[in-house]
Each structure stands twice: as C-alpha cells, then as structure tokens.
Amino acid sequence: MPMTLTAPTGRFQMITAAFLAIAMAATVGGALGFEHLGGFMPCKLCLEQRTPYYIGAPLMVLAAISGGLKWPSWLTRGLLLVGALLMTYGLVLAIFHAGVEWKFWPGPTDCSAATMSITTDAGNLLNDLNSVRPPACDQAAGRFLGLSFAGWNAVASLVFLIIGYYAAFARPEKRA
C-alpha cells in the first residue's frame, strides 16, 4: 500500500520533528558560533546556505506541536515533507558551494559577505569599510577531515533530508 500524507501519524513523527528542529537549530547555531565567536566571516554562499535552516527549524517545531496535539496527519506529515524539501535545497546549495571551493565550477561573480564586523565608532567607520574584505566563495575558511564548512553542511543536509522524508512517509504505528 503506497504511503500518503493523509496516513495516521503517531509518536514517531512528533519525536522526529522535534529532533529535526533541534538538529537544524544546532547546525545553524554552530555556523553562527563560528562566525561570531570564532571570527570566521561567511561569504555570500555561506549565508545563503543558512536559509533552509532558518525556515526549517521553526517548521519542525510546528510539526512537533502538530504531532503532539494530534492535529490532522496531513499537516504533520506535510510539514515534515517541507522540512525535507528545504534540506534538499540546502544540500544543493552546499554541494554547489563545495564545488566552487574545489574549483569544479565558478561561483557567483558578486560573492561577498553581506555582514561585516565593523566598528560603531563613526570616526573609524570609513577606515573599517575600506579595510574589511569579505572572503571569496571559492576559498574555504578551513577544512576538517578534508571537508570545508560547505562540505559538512552537505553531510548534515543529507542526513536531515533522509530523516525528514522517512518520517513524512513512514507507515503508521501499529496500535496495541
């Protein structure tokens, strides 16, 4: 029997949505930590890769609430599906960025960071604007176990999308 979004939901969907909410928030929180605490200035593509997480984490909170309050199953499963689709988009962005870093293809010509850490002292503002140079998208800020931040984002997005699709289309739990 093919699984549809209208199939009954249960504890599995609620727990999975809560897990995805926490995991997505932790992932984007880690990126923000590397930026604001670690001093890694993100490039344009880095910032774009955060968007699926900014949208997905609150949606997964809503999916967990939907599952917990026994709202219509199509809503819970639909929100899980949207989360999985967002992570699919995130995977595409991450693979594109990693490919740019590895010089497999060119990146955007306007690749510069939208946020810059500059002074709030008006006297130094112009000097800071002239001295701060955002990173280029084709240069990884660093690598861990051979992967850049974009590479690790691809891994996280892949894991989250698999979990999301599975939860959206999982068979209903057997009632005891």
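Definitions and cut-offs
- Residues numbered from 1 in each chain as written.
- Predicted model: local features only at pLDDT ≥ 70, side-chain atom pairs only at ≥ 80, totals over all residues.
- Heavy atoms only, no water.
- Helix = DSSP H or I, 4+ residues; strand = E, 2+ residues; numbered from the N terminus.
- Buried < 20%, exposed > 50% of the residue type's maximum accessible area, 1.4 Å probe, protein only.
- Polar contact = N/O pair within 3.5 Å; in protein donor to acceptor, adjacent residues only side chain to side chain.
- Contact = heavy atoms within 4.5 Å.
- Salt bridge = Lys/Arg side-chain N within 4 Å of Asp/Glu carboxyl O.
- Expected span 1.5 Å × (residues − 1).

Student: Talk me through the side chain of Asn 153; I want residue IDs and the actual numbers.
Tutor: Looking at the element boundaries, Asn 153 is found in helix H5 (residues 149–169). The exposure class assigned to Asn 153 is buried, which follows from its relative accessible area of 9%. In terms of polar contacts, Asn 153 uses its side chain to reach the side chain of Tyr 53, at 2.6 Å. With near-sequence residues (within four places) excluded, Asn 153 lies in contact with Gln 49, Tyr 53, Gly 90 and Ala 94.

Student: Give a detailed account of the pattern of salt bridges, specifying residues and quantitative values.
Tutor: With the rule as written, the count across this model stands at 3 salt bridges. Here Arg 50 ties to Glu 35 by a salt bridge, and the two come within 2.7 Å at their closest N and O atoms. Pair noted here: Arg 50 is in helix H2 (residues 44–68) and Glu 35 is in helix H1 (residues 11–36), with a separation of 15 residues, a long-range link. Considered together, Arg 50 and Glu 35 belong to a single accessibility category, that of buried residues. Note that Lys 103 and Asp 138 form a salt bridge whose closest N and O atoms lie 4.0 Å from each other.

Student: Quick one: what's the story with H1, residue by residue and with numbers?
Tutor: Taking 1.5 Å per residue as the helical rise, H1 with its 26 residues ought to reach 38 Å, and the 37 Å between its terminal C-alpha atoms agrees with that figure. Of the positions making up H1, those classed as buried are Gln 13, Thr 16, Ala 17, Leu 20, Ala 21, Ala 23, Met 24, Val 28 and Glu 35. Each element contacted by the buried residues of H1 is listed here: H2, helix H3 (73–101) and H5.

Student: Go over the environment of Thr 27 with me, naming the residues and quoting the values.
Tutor: You can see Thr 27 is positioned in helix H1. Look at Thr 27 and you get partly exposed, because its relative accessible area is 27%. For the pair Thr 27 and Ser 157, spaced 130 residues apart in the sequence, the C-alpha separation amounts to 9.5 Å. Each residue touching Thr 27, except ones within four places of it in the same chain, is listed here: Tyr 53, Ala 156 and Phe 160.

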